[in-house]
Amino acid sequence: MKKVGSVLVVGGGIAGMQASMDMADSGYKVYLVESTMSIGGVMSQLDKTFPTNDCAICILAPKLVATGRHENITLLINTTLEKITGKAGNFTVDLKQQSLFLDQETCTGCGVCAQECPVEAIDFFNEGLSKRSAISVKFPQAVPLVFSIDQDLCIGCGFCKGVCKAKAIDYTLEDKKTTLNVGALILAPGFDEYDPEPTQHYGFGKYPNVVTSIQFERILSASGPHSGLILRPSDGIIPKKIAFLQCVGSRDKRHGGEYCSSVCCMYTAKEAVIAKEHMPIVQPTIFSMDIRACGKDFDKYIERAQEEYGVNYIRSRISSIKEIPESNNLILNYESEDGKIANETFNLVVLAVGALPNQSTKELAKTLKIDLNEENFCKTKPFSPVETSREGIYVCGMFSEPKDIPETVVEASAAAGAVNVLLSEVRNTLIEEKVLPKEIDNIGKPPRIGVFVCHCGINIAGVVDVPAVVDYASRLSDVIYAERNLYTCSADTQSNIKEKIKEFNLNRVIVASCTPRTHEPLFQATIREAGLNKYLFDLANIRDQCSWVHMHEPKEATEKAMDLVRMAVAKARKLVPLQEQQVSVIHKGMVIGGGVAGMTAALNLADQGFEVFLIEKSDKLGGISNKIYQTIENYDVQELIVDLIKRVNDHKLVNVFLNAKINSIGGYVCNFTTNIVFGKDKQKKEFQHGIIIVATGANEYVPKDGEFLYGKTDKVILQSELEKVLFTDSEKIKGLKTIVMIQCVGSRNEENPYCSRMCCSEAIKNAIKAKEINPELNIIVLFRDIRTYGFKEKYYNIAREKGIVFLRFDNKFLPEITQNETQFSVDVATSRGDKITINADLVALSAGIVSDREGNETLAKMLKVPTNNEKFFLEAHVKLRPSDFATDGIFLCGTARGCATISESIAQALSAASRATTILSKDILVTEGVISKVDPALCISCNRCADVCNYGAVGVKYEQGLMISEVNPLLCKGCGDCAAECPAGAITMSHFGNFQIEPMIAEAARVEFGNGRPRIIAFLCNWCSYAGADLAGVSRYQYPPNVRTIRVMCSGGISKSFILQAFLEGADGVFVGGCHIGDCHYIAGNHDALRRTLEIESDLESIGINPDRFMRKWVSASEGKIFSDTMTEFVEKIKKLGPLESGFKKSIEIVK
Amino acid sequence: MGFLCNWCSYAGADLAGVSRIQYPTNIRIIRVMCSGRVDPTFVVDAFLHGIDGVLVLGCHLGDCHYITGNYEAEIKMSSLSKLLNIVKFSDRMQLDWVSAAEGNRFAQIVSEFTKHIQELGPSPIKENKTKTQCIDDLEAVKSVLESSRLRGLIARQRDLVTEKNVYGNQIPAEKFENLLNDAIYNEFVRHKIVIKIKEIGKSVPDIANEIGIKAKEVLEHIVVLRSRGLVDVHEINEEIPTFISIRGG
């Protein structure tokens, strides 16, 4: 049977998107099936994400757009899977798309229909806290941005069709059936939150002030129903005392699931912290059994929540909640840890609801004939975490087990990694390459600009006088042609633009319409099809940042639109064609580390046909797993290792180097050169490869001298040593009466302030095993929190049923071991306040995982990649890029990244391999066009550029005595930070260069119409603040029309000279907006923006300009309201300050 | 005040004159071409100007000069009546049918209606004690009637309930009635909130007290009004945020 080079991904949440992107980037055609109206999943509903407090929509939206625009991905929204036949490699699937009652291709997403719809319904995206129409879009940043009619609500009045200028609505459209031929399926259908309403669990549904955590997430969100104000539902008052209840629908036999939902402890801590950040008067209290902060840097977050934010933790499960009817306050009854019954009154209660299998998955499993486990999640095995029971169908994300976003993203890439092996022979068979005409050479020719102004139905034309804007544009110099369109984005206008380019010999195109964030790629593709370089395009945002935010000032809005067009024309005159560079890829990989992760990654790449160099520093493959015999689920680890080693050694594409040491690594993505010595006789070897996977693993913590008497007596052993006894010498156990296990040895302390993630499960696994060998044995586990996350909770329950005793101790009083001639005992002060002495025969220390500090540091320096405080490697983004480094071509997996189980390490290895495949599968890698360039003649070799670059892309090098200053186009991400930093003006940021921005500033400051004062110039970063300004438009938050926006890629790319020039040209105020600190799309560009703007403030003072005329604020992509409020306030302030101080001009020139 | 359609009721009134049938002098008549032309806001305007009672008279059902104009009048007045009911004005408005031949009937309706209004007494809008409240209420009613949402529903009611909607289905009268009632009530309360916080910012419980509905409901309306750009946060004193109307749309 012939294999098919396409993949069907079910579910468009973060998992489905990641899997789709990886597959599409690796040469496969992808069909992404989503049952709702937009991709984005639950993450799109979140306000912030832990542990970085990143704004969820800020980091998600670019991913949504990238997925939606990928040429190899077809999005099928409102679609479900009906039937499947065939086998791995060649499936036939039947799909059904429920009618949207409008044509997806024609709908422009303008939203006029929703405003006119007379039906009002509950908005599920806001969890019932607000209203929407019968025709609606899921959320403002939805992809694809199309509206749909909810047939259950629609009364068929016909108004929407009447107002739809795009003529997209068609009430006769029927459900559409499609049949597709695909090679593999990846399932990512996600999960449902536990619904406490049917049982009125904790009074939910009965008491208005009991809300679920996901509702609270919407309450917190700046784009949620209360615009970020925390208001309690009963009366709109800010709840001072908020109680968060953990494990609602989790770890509960009667409600929801018996397992742990893995994410609630962390998201609750986050919600408490964010609540406190939003409203300092809030006092959050969290009621929890265990605090399961077992991910990377999670414990630090919990600590900060308690110490910095004053979040109060109480160890208890609430028995009942009662409402005081007069005040709607809630009384919580609980038993505190020391056994006292207490009750306390709260203003609001948030239920941390757990994750349940998605409603649709039972049906889906039946259709696909795949097995579910006893909890109705998808059944997988620990050593093949992304494989379902049916070959060729893979799974990722919540569907297989509750897990957080990074684990989900890892699995998504891992599933793609597994498909890569299955379908590698048919890679690149179903993707189409677009044939484009040769680019017209325009270099040196005078600009001939075409301007296309969009009515956007009535969205723009209802406020802005579009014909007047067209007339104005046509009179600007270099503008050869100007016209207006009902919808400039419609298909017929695209062909019209192409015709006009030919007819008028245009060499620059400007569209005045909506936002470049969503529409620039479309118009760029259009002009490219007409033979123009795609960078000869600019967009004037006269909708989201003009007509929608100045709805009641048509005259001023029209003038602003004219200004924006004039600014775009000024930039367009200076636009230059940019070429994306092409670099050929060496189809080989290097994997550093020969543990389970390293071997899995190497085999995955080799099985796809890529040669791999596997570097192991010791004389043996297998890594830390050599010490482990079984997983908690009773899978044989030793068998796995033997099998992996055999496969690695037998594979002709895997070159194994034992006892190897890396001397040097040179080059960059696509083309690295590595030099090693290996073997006992120190042989030398040099090889070239396109990518690097870091899988260096970690070590077991070895207790310090005499810690818990370890090393002083053979009665104290490590958990791994006990495991060896249990599996190789079980007779020894039969003679024992009591074993005490001490948890968190070398974890969660000052030296290693993190959780080692697997020790709880290891201890429970060994305890159960020991009990099986010797049922009479007493086992006492001394713990701080039992962190059996996910389905591991089952084994915690089994252990307790078997009579294993668990006692909690407080970190302040560690257990003490006493040994003398008569006695060997453990003294422990339990958290209930009891002091207990346990006579033991054996003590097992659950030693944690520590990084190879020195080894990692050396390697990190060699690779120029970062590590965290504990010297674990630091990934590019802890949420969404867990397997990548910020530096392209280098990937990360296994315990080198942080503590992980074998199963998780395997998933990470497949994930890293999949990420690497996105490069290795290409013959040619095309670089970014928007990058920085250095003029070596001007360079003074101060190397400040290298200091601010977060990608190691720019800097001064000396080769054979010659100074070379250059930008590596393969590594540069185009933020412009280096250009803003360069004191010699040697670095030019392409497309946002000084010579392009400066004319824009001049035009922005020029007041051509009426009085137009005060005039404010706002520099906004593309990813957060500009997006926030757009959201203000989408939400119709009005602000004064005095602001002219200049978009830059990163606030770090705003040089001080821009700000000074703005004042020099006569601007009355200047605003700089960037991502919140920590949220920067370019890792930390906003830190540099902060430094420069602080300097500017003092510079202004010395020049004689009131520094109050300058304002810097971090505005995220979800803070539309905050953007409009900020603009309103700033304009008011500048109005009060009056016209710009005179007499500063001379000094400003000097400062500049 | 009487709104009379040109073809039947106005002719009926003329016939009363020709026949010298006497009726009270209290009525002032405005001629319209069809009873369907009577925008419900006309009636509210009349009340706002201190009119004590309004009569809307058209052709008998089936006799309309414009085929179905009086059916539309019936629908419009029924929604109006629901709204007036909330503000206790519905007693002061009456819709009836008078043909060109019914001079007697015209005089009788006017006499009875005049008597009825005399019994009710003068409009509360003229009393100092109730004046502000009445103006607020009637302004809210008028705003609701001007809103595109309600006008849309009213305009399509007959088509959707008696004929077919865009999918070729008929909407059950009861379902439509519920939808309309909800819309009328919710929009009225929302406009009322907007009026209550026109000048001074008020907290949700305070608004709830003034209007006499639950605070929870007020908050839900505030969410909608904020998304429509009609209301915004005024200030936050400790834990109590207040809201105020803003210009917008």
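Residues numbered from 1 in each chain as written. Chains lettered and ligands numbered in written order. Predicted model: local features only at pLDDT ≥ 70, side-chain atom pairs only at ≥ 80, totals over all residues. Heavy atoms only, no water.

**Student:** With reference to specific residues and values, describe the pattern of salt bridges.
**Tutor:** Residues and elements named next belong to chain A. Evaluation of the coordinates by the stated rule reveals 95 salt bridges over all chains. A salt bridge links glutamate 1008 to arginine 1006, with the shortest nitrogen-to-oxygen separation between them at 2.2 Å. Salt-bridge contacts for arginine 1013 lead to aspartate 1068; the nearest nitrogen and oxygen are separated by 2.8 Å. Within this pair, whereas arginine 1013 is found in the loop between α25 (994–1005) and β53 (1016–1021), its partner aspartate 1068 is found in the loop between α27 (1056–1064) and β55 (1069–1074), the two being separated by 55 residues in sequence. Shared partners join several salt bridges into a network, and the residues in it are Asp563, Arg566, Glu1003, Arg1006, Glu1008, Arg1015 and Arg1044. (Salt bridge = Lys/Arg side-chain N within 4 Å of Asp/Glu carboxyl O. Helix = DSSP H or I, 4+ residues; strand = E, 2+ residues; numbered from the N terminus.)

**Student:** Help me get a handle on the side chain of Ser133(A), residues and values and all.
**Tutor:** Residue and element names in this part refer to chain A. Looking at where serine 133 falls in the secondary structure, it is placed in strand β9 (residues 131–133). Among the polar contacts made by the side chain of serine 133, one reaches the main-chain carbonyl oxygen of alanine 114 at a distance of 2.8 Å. Those residues within four positions of serine 133 in sequence are excluded, and the remaining contacts are Ala114, Cys117 and Val119. (Polar contact = N/O pair within 3.5 Å; in protein donor to acceptor, adjacent residues only side chain to side chain. Contact = heavy atoms within 4.5 Å.)

**Student:** How would you summarise the packing of helix α1 (residues 14–25) of chain A against helix α2 (residues 56–69) of chain A if you had to cite specific residues and measurements?
**Tutor:** All names here are of chain A. Across the interface, α1 lies against α2 with an axial gap of 10 Å and an inter-helix angle of 50°. With respect to their mutual orientation, α1 and α2 come out oblique. Regarding α1 and α2, the two cross each other, and that crossing is left-handed. Every residue of α2 that contacts α1 at Ile14, Met17, Gln18 and Met21 is listed here: Leu60, Lys63, Leu64, Ala66 and Thr67. (Axes fitted to C-alpha atoms, helices over the stretch in contact; angles between N-to-C directions. Parallel < 35°, antiparallel > 145°, perpendicular 65-115°, else oblique. Left-handed = near helix turned anticlockwise from the far one by under 90°.)

**Student:** Which residues make up the sheet that holds strand β30 (residues 588–592) of chain A, and what values do they have?
**Tutor:** All names here are of chain A. Spatial strand order, β32-β31-β30-β36-β47: five strands in an open sheet with parallel pairing. Taken across any chain shown, the strands that pair with only one partner, and hence form the sheet edges, are β32 (654–657) and β47 (890–892). On average, each strand axis in the sheet is tilted by 20° relative to the strand beside it, whichever way the strands run. (Pairing = 2+ DSSP bridges.)

**Student:** I'd like a rundown of unusual backbone geometry, residues and numbers included.
**Tutor:** Residues other than glycine predominantly adopt negative phi, and peptide bonds predominantly adopt the trans conformation. Residues and elements named next belong to chain A. Residue phenylalanine 50 is joined to proline 51 through a cis peptide bond whose omega torsion reads -5°. Counting through the fold element by element, proline 51 comes out in the loop between β3 (48–49) and β4 (54–55). For the bond running from valine 143 to proline 144, omega is -5°, close enough to zero to count as cis. You can see proline 144 is positioned in the loop between β10 (135–136) and β11 (148–149).

**Student:** Report on the domain arrangement of chain B, specifying residues and quantitative values.
**Tutor:** All names here are of chain B. Domain annotation of chain B identifies domain 1 (2–123) and domain 2 (147–245). The straight-line distance from the C-alpha centre of domain 1 to that of domain 2 is 29 Å. In this assembly, 12 residues from domain 1 lie in contact with 11 residues from domain 2. Where domain 1 abuts domain 2, roughly 1,100 Å² becomes buried across the two surfaces, and 65% of that area is made up of carbon and sulfur atoms. Seen at the junction of domain 1 and domain 2, the total is three salt bridges. A salt bridge links aspartate 39 to arginine 151, with the nearest nitrogen and oxygen atoms 2.5 Å apart. Taken together, the links from domain 1 to domain 2 amount to four residue pairs in polar contact (both at pLDDT 80 or more). Among the elements that make up the side of domain 1 that touches domain 2, the one with the highest residue count is helix α3 (residues 69–86) (eight residues). (Domains from an automatic or database assignment. Buried area = accessible area lost by both parts, 1.4 Å probe.)

**Student:** Give a detailed account of the interface of chain B and chain A, specifying residues and quantitative values.
**Tutor:** Of the residues lining the interface, 35 residues belong to chain B; the matching set on chain A comes to 34 residues. Of the roughly 3,100 Å² buried between chain B and chain A, counting both surfaces, carbon and sulfur atoms make up 62%. The shortest N-O distance in the salt bridge between Arg149(B) and Glu120(A) comes to 3.6 Å. For the interface between chain B and chain A, the tally reads nine residue pairs in polar contact (both at pLDDT 80 or more). The class makeup of the residues in the side of chain B that touches chain A is 18 nonpolar, six polar and 11 charged. (Nonpolar A, V, L, I, M, F, W, Y, C, P; charged D, E, K, R; others polar.)

**Student:** Describe the pairing of strand β22 (residues 348–353) of chain A, naming the residues involved and giving the relevant values.
**Tutor:** All names here are of chain A. Within β22, six of the six residues are buried, which leaves the element mostly enclosed by the surrounding structure. Looking at chain direction, strand β15 (residues 210–212) and β22 are connected through three bridges and run parallel. Each residue of the ladder has a partner; that of valine 211, found in β22, is valine 350. Both strand β16 (residues 241–248) and β22 contribute to a ladder of five bridges, which runs parallel. Along β22, the bridge assignment pairs alanine 243 with valine 349. (Buried < 20%, exposed > 50% of the residue type's maximum accessible area, 1.4 Å probe, protein only.)

**Student:** Describe the sheet that holds strand β25 (residues 449–454) of chain A, and please don't skip the residues or the numbers.
**Tutor:** Residues and elements named next belong to chain A. Pairing is parallel across the open sheet formed by four strands, whose spatial order is β26-β25-β27-β28. Strand pairing shows two members of the sheet lacking a second neighbour, β26 (479–485) and β28 (537–541), which therefore form its edges. Strand-to-strand, the axes of this sheet are offset by a mean angle of 15°, without reference to chain direction. Note that β25 and strand β27 (residues 508–513) share five bridges and pair parallel. In the sheet register, valine 451 faces β27, and the bridge partner there is isoleucine 510. Across the sheet, helix α11 (residues 491–504) touches β25, β26 and β27, and the angle it forms with β26 is around 160°.

**Student:** A description of a nonpolar patch on the surface should follow, citing residues and the corresponding values.
**Tutor:** Taken together, the side chains of Trp7(B), Met33(B) and Tyr66(B) present a nonpolar region at the surface, about 290 Å² in accessible area. Its place among the elements puts Tyr66(B) in the loop between β3 (54–58) and α3. (Patch = residues over 30% accessible without salt bridge, like charges linked within 9 Å, V, L, I, M, F, W, Y side chains within 5 Å. Areas by Shrake-Rupley, 256 points an atom, 1.4 Å probe, with all protein chains shown as cover.)

**Student:** Tell me about the environment of Ile906(A), residues and numbers included.
**Tutor:** Residue and element names in this part refer to chain A. Take isoleucine 906: it is sitting in helix α22 (residues 902–920). Using a relative accessible area of 4% as the deciding quantity, one classes isoleucine 906 as buried. If sequence neighbours within four positions are ignored, isoleucine 906 has contacts with Pro382, Phe383, Pro385, Val596, Thr600 and Leu640.

**Student:** Can you tell me about helix α8 (residues 204–211) of chain B, naming the residues and giving the values?
**Tutor:** Residue and element names in this part refer to chain B. Within α8 the residues assigned to the buried category are Val204, Ile207, Ala208 and Ile211. The arc that holds the buried residues of α8, viewed along the axis, is 100°, so those residues lie on one side. Contacts from the buried residues of α8 go to α7 (173–196), β5 (202–203), α9 (215–227) and β7 (240–245). Just past α8, the residue glycine 212 takes up positive phi, approximately 85°. (Arc of directions from axis to C-beta.)

**Student:** Could you give an account of the state of the cysteines, naming the residues involved and the relevant values?
**Tutor:** Here a disulfide denotes one covalent bond, and it connects the sulfur atoms of two cysteines. Residues and elements named next belong to chain A. Evaluation of the coordinates by the stated rule reveals one disulfide over all chains. The cysteine cysteine 247 is free of any disulfide, with cysteine 265 supplying the nearest cysteine sulfur at 6.0 Å. Not engaged in a disulfide, the cysteine cysteine 945 finds its nearest cysteine sulfur in cysteine 942; these two sulfurs lie 6.3 Å apart. Classification of cysteine 945 as buried rests on a relative accessible area of 12%. (Disulfide = S-S within 2.5 Å.)

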